[in-house]
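# Secondary and tertiary structure notes
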Amino acid sequence: MNRFISYEGLPINSGGAHSVSRKSSKVTYDQTLGFLDLFTNNTKPKSIELALYESEKKEYSALRLLLKLSLKFGIPKTQNDGWLRTWTWNLSVKDIKKGFETLKLNDGLPKNPAGPITLNFYWNFHFKDPSTNQVLPNQELIPELDFRIKNSRIYLRLSKKSTISVWFALPFDQMDKYESKYLDNLKANLPFKASDKHWRIWKKTKNGNWTPRKLEIKNAS
């Protein structure tokens, strides 16, 4: 493989994610599942996490919420990075309903820089052709440009302000009619509005490095 196409939405220096806060958490989750079912080979999340953040201005009792959530989900992990102390629980698929029920506690809580409670989903997958249900070939040959980011992924963070962060790596070495129609269809089914500025085509150089250039996505129609 000497070329592939990527979408990063949005880059870390832009905040790292698309905002989807205008939709309800359940609607955003269902739309994300619908996209995964249609375009990928995996709808089961690699990880599900519930997180509780302390109040920046001490406007609510995190310890009271911590007791309530611990009775429901068990003993959490604790993190204190010098900003806001955080407590997290790793959930299973069978806990998702209880996770959404817990998110409703946010309705009675004041705004916070993070949370106060978030429900986070992380998926890894390969893309497929929705018309044939066949996985697109050669995705295993796409290089991992950052060891922290496995091809391809979605990170969905549901809270008062919900966000979705993606890294898509597609095994296309050109933009002919099939590829253009595929990307048009993909964009139309995303649970967020993709930015046309963040598509790239990567080319492998003679010395083995990968260099990107901006890719102009035109409607196939």
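About the criteria used
- Residues numbered from 1 in each chain as written.
- Predicted model: local features only at pLDDT ≥ 70, side-chain atom pairs only at ≥ 80, totals over all residues.
- Heavy atoms only, no water.
- Helix = DSSP H or I, 4+ residues; strand = E, 2+ residues; numbered from the N terminus.
- Buried < 20%, exposed > 50% of the residue type's maximum accessible area, 1.4 Å probe, protein only.
- Arc of directions from axis to C-beta.
- Phe/Tyr/Trp six-rings, centres within 6.5 Å; stacked < 30°, edge-to-face > 60°.
- Lys NZ or Arg CZ within 6 Å of the ring centre and 35° of its normal.
- Core = buried A, V, L, I, M, F, W, Y, C linked by side-chain atoms within 4.5 Å.
- Contact = heavy atoms within 4.5 Å.
- Pairing = 2+ DSSP bridges.
- pLDDT = per-residue confidence, 0-100.
- Expected span 1.5 Å × (residues − 1).

### Re the environment of glycine 108
- Counting through the fold element by element, glycine 108 comes out in the loop between α3 (96–103) and β6 (117–124).
- Judged by relative accessible area, which is 68%, glycine 108 ranks as exposed.
- Spatially, the C-alpha atoms of glycine 108 and threonine 32 are 26 Å apart, while their sequence positions differ by 76 residues.

### What about α3?
- Residues of α3 that are buried include every one of Ile96, Gly99, Phe100, Thr102 and Leu103, and no others. The buried residues of α3 occupy an angular sector of 155° when projected down its axis, which confines them to one face.

### Topic: the packing of aromatic side chains
- Within the structure shown, the criterion is met by 17 aromatic pairs.
- On the basis of an interplanar angle of 10° and a centroid distance of 5.6 Å, the ring pair of phenylalanine 121 and tryptophan 123 is categorised as stacked. The same class applies to phenylalanine 121 as to tryptophan 123, namely buried.
- Here lysine 26 stacks its cationic end above the ring of phenylalanine 100, 5.9 Å away from the centre of that ring.

### Notes on the nonpolar core
- Ranked by size, the top nonpolar core spans 52 residues in total, and within it Phe121, Phe127 and Phe168 carry the most contacts.
- Residues within four places of phenylalanine 168 in sequence aside, it is in contact with Ile5, Ser6, Tyr7, Phe35, Phe125, Phe127, Ser152, Arg153, Ile154, Leu186 and Leu190.
- Among the nonpolar cores identified, the runner-up in size contains 7 residues, and Ile142, Ile149, Ala169 and Trp202 belong to it.

### Comments concerning the pairing of strand β10 (residues 163–170)
- Judged by how many residues are buried, β10 sits mostly within the fold: 8 of 8 residues are covered.
- Neither face of β10 is left uncovered, since the one carrying Thr163, Ser165, Trp167 and Ala169 and the one carrying Ile164, Val166, Phe168 and Leu170 both have all their residues buried.
- Across 5 bridges, the pairing between strand β1 (residues 3–9) and β10 is antiparallel. Along β10, the bridge assignment pairs glutamate 8 with tryptophan 167.
- Of the strand pairs in this sheet, strand β2 (residues 18–19) and β10 are connected by 2 bridges, and their pairing is antiparallel. Considered in β10, the bridge of histidine 18 is made with isoleucine 164.
- Pairing of strand β9 (residues 153–158) with β10 involves 5 bridges; the strand directions are antiparallel. Residue pairing across strands places tyrosine 155 opposite serine 165, the latter belonging to β10.

### Focus: the confidence of the model for the protein
- Confidence in the prediction of the protein, expressed as mean pLDDT, is 90, and 94% of residues score 70 or more.
- Across the protein, the element-wise mean pLDDT spans from 78 in β2 up to 98 in strand β7 (residues 128–129).

### A few points about helix α2 (residues 62–73)
- Compared with the 16 Å implied by 1.5 Å per residue over 12 residues, the 16 Å span of α2 between its first and last C-alpha is a close match.
- Of all the residues in α2, the buried ones are Ala62, Leu65, Leu66, Leu69 and Phe73. Each buried residue of α2 lies within a common arc of 105° when the element is viewed along its axis, so the set occupies one face. Turned more than 90 degrees away from the buried face of α2 sit Leu63, Arg64, Leu67 and Leu71, all of them exposed.
- In this structure, the buried side of α2 is in contact with β3 (47–53), β5 (86–91) and α3.

### Quick word on unusual backbone geometry
- For the bond from glycine 115 to proline 116, the omega torsion is 10°, close enough to zero to count as cis.
- Considering the arrangement of structural elements, one finds proline 116 in the loop between α3 and β6.
- Backbone geometry places lysine 58, a non-glycine residue, at a positive phi of 55°.
- Looking at the secondary structure, you find lysine 58 in the loop between β3 and α2.
- Positive phi outside glycine occurs at asparagine 138, with the angle close to 70°.
- Among the secondary structure elements, asparagine 138 is positioned in the loop between β8 (134–135) and β9.

### Some words on the pairing of β6
- Of all the 8 residues making up β6, 8 are buried; the element is thus mostly covered by neighbouring parts of the structure.
- The two faces of β6 match: Ile117, Leu119, Phe121 and Trp123 on one face and Thr118, Asn120, Tyr122 and Asn124 on the other face are all buried.
- Strand direction decides the pairing type here: β3 and β6, joined by 6 bridges, are antiparallel. Bridging from a neighbouring strand, leucine 52 pairs with isoleucine 117 of β6.
- Sheet topology places β6 next to β9; 6 bridges connect them, and they run antiparallel. Directly across from leucine 119, in β9, lies its bridge partner leucine 158.

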